[in-house]
Amino acid sequence: MANRIYSAVVGSGGYLPGSPVSNNAMVERLRDSGLETSDEWIRERTGIEQRYFATDDQTTSDLAYHASLAALEQAGLEPNAVDLIVLATSTPDMVFPSTACRLQHKLAIRQCAAFDVQAVCSGFVYALATADLFIQTGQAQTALVVGAETFSRILDYTDRSTCVLFGDGAGAVVLKASDKPGILAHKLYARAEHEAILNTPGQLAHGRVCGSPFLTMDGQAVFRLAVEVLESSAREVVGLAGLDLQAIDWFIPHQANRRILAMVGKRLQIPESRLIATVGQHANTSAASVPLAFDVARRDGRLQAGQTVLLQGVGGGFTWGAEALRL
Ligand code: ACO
């Protein structure tokens, strides 16, 4: 398209705190609460082998800071080149200011637009689409887009059906305005009637936490909906980009469960060799999962310039969305 401004990915970075926590370490931890689980159950039902947990003194913006520095370094840019920060999280440092502003401060960026996006596990895809629109309309030239989470803080360690599924981490990309593609297409959705199948209902009121501050989930309902919308949004966004599924070199869906990835891959007839899967090593890091997987595949050389990639998010809200981009 003539004169179109694209958002080109010029850097990516990831950060996982501390050392890996194995399934067997979770078995021990749950045993202390009188609950049984096993490495076999977790691996077979989810594909998860390990996860990372932030230390008590690390906040979401700390994880975001490390991922952002790595992304900026790869892009060869100083932090002050950034004129927009969009940060996706459901586990912010505080009620306000935003975690994006806290990140801006840590990066010593004197002044730029900075705000959070809250779309749970779809957060990064929402944030990337938002930043792309800022760049397309000329409101930003260099955007730092981050997904960062400390889900370990909202896990109920007396609920074995959820606490083994999640981990902490952060991923970031740097977008720059370019006359070459770039992000090709995106589409975002929410269907709030499904709020009850995945939520953390607690809220601060009158100096107290009202309602449960822990994540709750109807795993099977989430599984079914996730498969449905990952399939439909892949087809839609690939079409919006003027491509077909066979033209996509790499699929990077939200990393929640290996069985979800396998089922979607089968429905779309995508071979496993074109699917990036990091859920085994990272577990589900919510808004961080897609940029972390993207960064892993970019750094290990699977993702190459000129290739096309489909990024997909799905999570609480219920929200979902996808982006097709050319590297
Ligand atoms: N260890 C051992 N047994 C367990 C555990 C555990 N950690 N958790 C649950 N079980 C037991 C259950 O109690 C149940 O026992 P019962 O048959 O005696 O009642 C049995 O395992 C089967 O439980 P199900 O819930 O039917 O197990 P299922 O095969 O559906 O797997 C899971 C559960 C892994 C949560 C699955 O439904 C799932 O992956 N859903 C998708 C949810 C997801 O990934 N969410 C992430 C957030 S949302 C998102 O990111 C899109």
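Residues numbered from 1 in each chain as written. Predicted model: local features only at pLDDT ≥ 70, side-chain atom pairs only at ≥ 80, totals over all residues. Heavy atoms only, no water.

Draft legend 1. Highlighting the sheet that holds strand E15 (residues 319-326). Taking strand neighbours across the sheet as the criterion, the four strands line up as E8-E15-E14-E13 in an open arrangement whose pairing is mixed. Here the strands that pair on one side only, and so sit at the sheet edges, are strand E8 (183-190) and strand E13 (250-253). With direction set aside, neighbouring strand axes in the sheet form an average angle of 10°. Inspection of the sheet shows E8 paired to E15 by seven bridges, in the antiparallel sense. For Tyr-189, the partnering residue across the bridge sits in E15 and is Trp-320. The strands touched by helix H5 (residues 123-136) are E8, strand E14 (308-315) and E15; relative to E8, the strand with the most contacts, the crossing angle is about 130°. (Pairing = 2+ DSSP bridges. Helix = DSSP H or I, 4+ residues; strand = E, 2+ residues; numbered from the N terminus. Axes fitted to C-alpha atoms, helices over the stretch in contact; angles between N-to-C directions. Contact = heavy atoms within 4.5 Å.)

Draft legend 2. Highlighting empty space enclosed by the protein. This structure, assessed with the given rule, holds one cavity of 30 Å³ or more. Quantified by volume, the largest cavity comes out at close to 40 Å³. For the largest cavity, the full set of lining residues is Phe-251, Pro-253, Leu-261, Val-264, Gly-265, Leu-268, Ile-270, Leu-275 and Gln-312. Of all the secondary structure elements, the ones that give two or more residues to the lining of the largest cavity are E13 and helix H8 (258-268). The dominant element in the lining of the largest cavity, judged by the number of residues it contributes, is H8, at four residues. Looking at the lining of the largest cavity, its residues break down into seven nonpolar, two polar and no charged. (1 Å grid on protein atoms, 1.4 Å probe; cavity = no way out; pocket = protein on both sides within 12 Å on 5 of 7 lines; lining within 4 Å. Points joined across faces, edges and corners; volume = space filled by probe spheres on them. Nonpolar A, V, L, I, M, F, W, Y, C, P; charged D, E, K, R; others polar.)

Draft legend 3. Spatial organisation of the sheet that holds strand E5 (residues 113-117). Strand order in the open sheet formed by five strands is E1-E7-E6-E4-E5, with mixed pairing between adjacent strands. One side of each edge strand has no neighbouring strand; the edge strands of this open sheet are strand E1 (6-15) and E5. Neighbouring strand axes in the sheet, compared pairwise and without regard to direction, differ in orientation by 20° on average. Bridge count between E1 and strand E7 (residues 169-178): nine bridges; the pairing is antiparallel. Its bridge partner being in E7, Gly-13 is matched across the sheet by Ala-172. Docked against the sheet, helix H10 (residues 289-299) engages E1, strand E6 (142-149) and E7, running at close to 90° with respect to E1.

Draft legend 4. Region of interest: the site of the ligand. Of all residues adjacent to the ligand, which total 24 residues, the nearest are Thr-37, Arg-45, Gln-220, His-254 and Asn-257. Here a nitrogen atom of the ligand and a side-chain polar atom of Thr-37 are 2.7 Å apart. At a separation of 2.9 Å, a nitrogen atom of the ligand approaches a polar backbone atom of Arg-160. Protein contact buries 75% of the 1,000 Å² of open area that the ligand shows by itself. For the shell around the ligand, the elements supplying multiple residues, two or more each, are helix H2 (39-46), helix H6 (160-163), helix H7 (219-240) and H8. Looking at the shell around the ligand, the element that brings in the most residues is H7, giving four residues. Classifying every residue of the shell around the ligand by side-chain character gives twelve nonpolar, eight polar and four charged. (Near = heavy atom within 4 Å. Polar contact = N/O pair within 3.5 Å; in protein donor to acceptor, adjacent residues only side chain to side chain. Areas by Shrake-Rupley, 256 points an atom, 1.4 Å probe, with all protein chains shown as cover.)

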